[in-house]
Amino acid sequence: MMLVIYASKGIQTQTAECIVIGEVVNINHVLVVFNKIDLVNGASLRATEQKVLKTLARTKLQVFASVRVATAPREGNTLHKESLEQKLFQLVDSIPSQSSGSEERTTVVAVDHVFPIKGQGTVLTGTVLRGAVRVGMEVEFPTMARGFVKKVKTIDPSIDQSQSPQKVKESGSVLTNWTRTSQKDSSLPHPLELSTFLRCSSEAYSPCLIIDNRSIKSMTKFQLHVGHDVVDARLTLLSKGSDDEESAKPLIEKDFLREQELEHRDDRRYFAVFELEKRVSVLLNSIAVGTKLDRDPKNNACRIAFSSVVMHSLDESWRRSLKVHTQKRREGEIDRVVNSKEAICKNLFSRENNQPAFTAMEVDVQNAAQDSTAVVRARIDGTFGKSGKVRLVASDGQFRESHVGCSVSLEYNKMT
């Protein structure tokens, strides 16, 4: 990663956003470039360098090297261009090659441009995200009709196919015998391993989920950067248990609780469902970044809201297929006390409610002094009459005459 810093201004809002993105995608080394050094004196430049490097030291990024340049000075020629090129090539060479087993994995190519050559076919240029491209390889296009497959006819002669897959990846020019040119900014697998979906779900872990200090509210629209697409998406937040038994269950067997918002530095595990406004193709386990691009970039506020990892593809019936609960609360009061272990509660339910469905649920009974340390824990033992009253049996504590008129609260999860 090359991080360009305006030498006279230091880290600005957009610079900070680049640093955040580098942390999200796990960039290991950063080449820091201080540009426009012709506009500042030596003392000011050294102060800016120290401040920037000190800030980066508090992040996950590791500074590979720092370079001072002036790519477009007001007077004279470019300053220290050779030094920048040398450090950049050193940074590229330091990137480890793919393992030898990478060719056994599904090859995925991100297509940048498509154009025809008369008498040859259609040229696809792009970047090999995984694996390696070979002549004769069949390529399937997930955004076209299912089964739309073409063979790689030739590869740019400038690419030495005897090199490692990583070296071939850097050139990424592919010629196929396809005569259509509608496939731009897509990803090509061999064979198909992309998930094409209008809805996706994502594991979200809050230490890296919320980027700025603002809470993330459910049912809010964000610009979701996923794969090679930016698409408007509505976010639904769900939480789930973190025990091993729950984590081992299939998706449709897990229990989720619908959440209204996620506060900054919340340490719970979250499961986010993104409802996308258009269909996209993306590899599972890809990083998804949510942004609010409508914020003014000149303000001192990060526009990157959260990050997560795409784990599942969902269809339109996800609300029916997933076991999602909503937390509910009911309030009532003690009508009369039968004895130290029994009491009658009113106003907790109406006559129309299905009261038997709440039998055996736990309630809290507040004492007359409203002292939370003296709350009586009780369970609903059944209905009492036909007016909506229920019988309570104390399971922790005892009822007293002073509890008459005291508040009774019931919290439960309702399947939605």
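1. Some thoughts on the overall build of the protein chain
Line of reasoning, step 1. Counting secondary structure elements, the protein chain contains seven helices and 24 strands.
Line of reasoning, step 2. Here the protein chain holds 416 residues, and the buried ones make up 42% of them.
Line of reasoning, step 3. Once local pairs closer than 6 in sequence are excluded, the contacts in the protein chain between residues at least 24 apart make up 68%.
Line of reasoning, step 4. In the structure as shown, the protein chain presents an accessible area of about 22800 Å², 47% of it carried by carbon and sulfur atoms.

2. Structural notes on the pattern of salt bridges
Where charged atoms from two side chains of opposite charge come close, those side chains can pair.
Line of reasoning, step 1. Evaluated as defined, the whole model comprises 11 salt bridges.
Line of reasoning, step 2. Among the salt bridges present, the one from Lys389 reaches Asp335, with a minimum N-O distance of 3.1 Å. Within this pair, whereas Lys389 is found in strand 23 (residues 389-396), its partner Asp335 is found in strand 19 (residues 323-337), the two being separated by 54 residues in sequence.
Line of reasoning, step 3. Residue class for Lys389 comes out partly exposed when judged on its relative accessible area of 23%.
Line of reasoning, step 4. Between Asp381 and Arg379 there is a salt bridge, with the nearest N and O atoms lying 3.1 Å from each other.
Line of reasoning, step 5. Overall, Arg379 belongs to the partly exposed group, its relative accessible area being 32%.
Line of reasoning, step 6. The structure contains a network of salt bridges with shared partners spanning Arg329, Glu331 and Glu411.

3. A word on the confidence of the model for the protein chain
Line of reasoning, step 1. Of all residues in the protein chain, 75% attain a pLDDT of 70 or more, and the chain-wide mean is 76.
Line of reasoning, step 2. Strand 20 (residues 342-346) holds the highest mean pLDDT among the elements of the protein chain, 94, whereas helix 5 (residues 206-209) holds the lowest, 36.
Line of reasoning, step 3. Confidence over residues 99-103 falls short of pLDDT 50; this stretch has five contacts with residues more than four positions distant or in other chains.
Line of reasoning, step 4. Confidence drops under pLDDT 50 across residues 159-197; counting only partners more than four residues distant or on other chains, this segment forms 140 contacts.

4. Some remarks on the sheet that holds strand 3 (residues 62-68)
Across a sheet, strands are paired by hydrogen bonds formed along the backbone, either parallel or antiparallel in direction.
Line of reasoning, step 1. Taken together, the three strands give an open sheet; going across it, the order is 1-2-3, and neighbouring strands pair in parallel fashion. The open sheet has two edge strands, strand 1 (2-6) and strand 3, and neither has a second partner. Within this sheet the neighbouring strands show an average axis-to-axis angle of 25 degrees, counted without direction.
Line of reasoning, step 2. Here six bridges tie strand 2 (residues 29-35) to strand 3, and the two strands are oriented parallel to one another. Across the sheet, the residue bridging to Leu31 is Ala65, located in strand 3.
Line of reasoning, step 3. Across the face of the sheet, helix 2 (residues 42-57) comes into contact with strand 1, strand 2 and strand 3 while running at roughly 155 degrees to strand 2.
Line of reasoning, step 4. Packed onto the sheet, helix 3 (residues 81-93) meets strand 1, strand 2 and strand 3 and runs at close to 165 degrees relative to strand 3.

5. Structural notes on unusual backbone geometry
Line of reasoning, step 1. The phi angle at Asn26 is positive, at roughly 60 degrees, despite the residue not being glycine.
Line of reasoning, step 2. Its place among the elements puts Asn26 in the loop between helix 1 (13-24) and strand 2.
Line of reasoning, step 3. Owing to a relative accessible area of 55%, Asn26 belongs among the exposed residues under this scheme.

6. Observations regarding the environment of Val92
Line of reasoning, step 1. Mapped onto the fold, Val92 is located in helix 3.
Line of reasoning, step 2. Taking the relative accessible area as the measure of exposure, Val92 reaches 38% and is therefore partly exposed.
Line of reasoning, step 3. With 91 residues separating them along the chain, Val92 and Met1 place their C-alpha atoms 9.2 Å apart.

7. Digging into the packing of aromatic side chains
Line of reasoning, step 1. Going through the model one piece at a time under the given rule, you end up with five aromatic pairs.
Line of reasoning, step 2. Judged by centre distance (5.0 Å) and plane angle (85 degrees), the ring pair of Phe222 and Phe306 falls under edge-to-face. Of this pair, Phe222 sits in strand 12 (residues 220-226) while Phe306 sits in strand 18 (residues 304-314), and the two are 84 residues apart along the sequence. The same class applies to Phe222 and to Phe306, which are both buried.
Line of reasoning, step 3. Seen from their ring centres, Phe349 and Phe358 are 4.6 Å apart, and the 45 degrees between their planes marks the pair as tilted.
Line of reasoning, step 4. Classification of Phe349 by relative accessible area gives buried; the value is 5%.
Line of reasoning, step 5. An aromatic cluster is built from Phe222, Phe274 and Phe306, whose rings are joined through pairwise contacts.
Line of reasoning, step 6. Over the ring of Phe222 we find Lys292; its NZ or CZ atom is 5.3 Å from the centre of that ring.

8. Some remarks on a nonpolar patch on the surface
Line of reasoning, step 1. Nonpolar side chains collect at one region of the surface, where Met2, Val4, Leu88, Val92 and Ile95 lie side by side and expose about 390 Å² of accessible area between them.
Line of reasoning, step 2. Elements supplying a minimum of two residues to the nonpolar patch: strand 1 and helix 3.
Line of reasoning, step 3. Within the secondary structure, Met2 sits in strand 1.

9. Describing the side chain of Ser218
Line of reasoning, step 1. Secondary-structure assignment places Ser218 in the loop between strand 11 (216-217) and strand 12.
Line of reasoning, step 2. Polar side-chain contacts of Ser218 include one of 3.5 Å to the backbone oxygen of Glu259.
Line of reasoning, step 3. For Ser218, the residues in contact, after removing those within four places along its chain, are Leu235, Thr236, Leu237, Glu259, Gln260 and Glu261.

Thresholds, definitions, all that
- Every chain begins its residue count from 1, and numbering advances along the sequence as written.
- Note on the predicted model: pLDDT of at least 70 is required for a residue's local features to be given, and 80 or more for side-chain atom pairs to be given and counted; whole-chain, interface and lining totals, by contrast, use all residues.
- Only hydrogens and water are set aside; all other atoms, that is, all heavy atoms of the structure, feed into the side-chain values.
- Helix and strand assignments come from DSSP, with helices taken as H or I runs of at least 4 residues and strands as E runs of at least 2, each series counted from the N terminus.
- Only protein chains enter the accessibility calculation, which uses a 1.4 Å probe; a residue whose area is less than 20% of its type maximum is buried, one above 50% is exposed, and one in between is partly exposed.
- Contacts are assigned to residue pairs that have any heavy atoms within 4.5 Å of one another.
- Using a 1.4 Å probe, the Shrake-Rupley method yields the accessible areas, and only the shown protein chains count as cover for residues.
- The term salt bridge refers to a pairing of a side-chain nitrogen on Lys or Arg with a carboxyl oxygen on Asp or Glu at a separation within 4 Å.
- Each residue gets a pLDDT score, which is the predictor's confidence in that residue and runs from 0 to 100.
- The criterion for strand pairing is that DSSP finds at least two bridges linking the strands in question.
- Angles run from 0 to 180 degrees between N-to-C directions of axes, and those axes are lines fitted to C-alpha atoms, restricted for helices to the stretch in contact.
- Between the rings of Phe, Tyr and Trp (Trp by its six-membered ring), a pair exists once the centres lie within 6.5 Å; its type follows the angle of the planes, with under 30 degrees stacked, over 60 edge-to-face, and the other angles tilted.
- When the NZ atom of lysine or the CZ atom of arginine is within 6 Å of a ring's centre and also within 35 degrees of its normal, the charge is said to sit over that ring.
- The residues that make up patches have over 30% relative accessible area and no salt bridge, and they are joined within 9 Å when like-charged or within 5 Å when they are Val, Leu, Ile, Met, Phe, Trp or Tyr.
- Think of a polar contact as two N or O atoms within 3.5 Å of one another; within protein, one of them needs to be a possible hydrogen donor and the other a possible acceptor, and neighboring residues in sequence only count if both atoms come from side chains.

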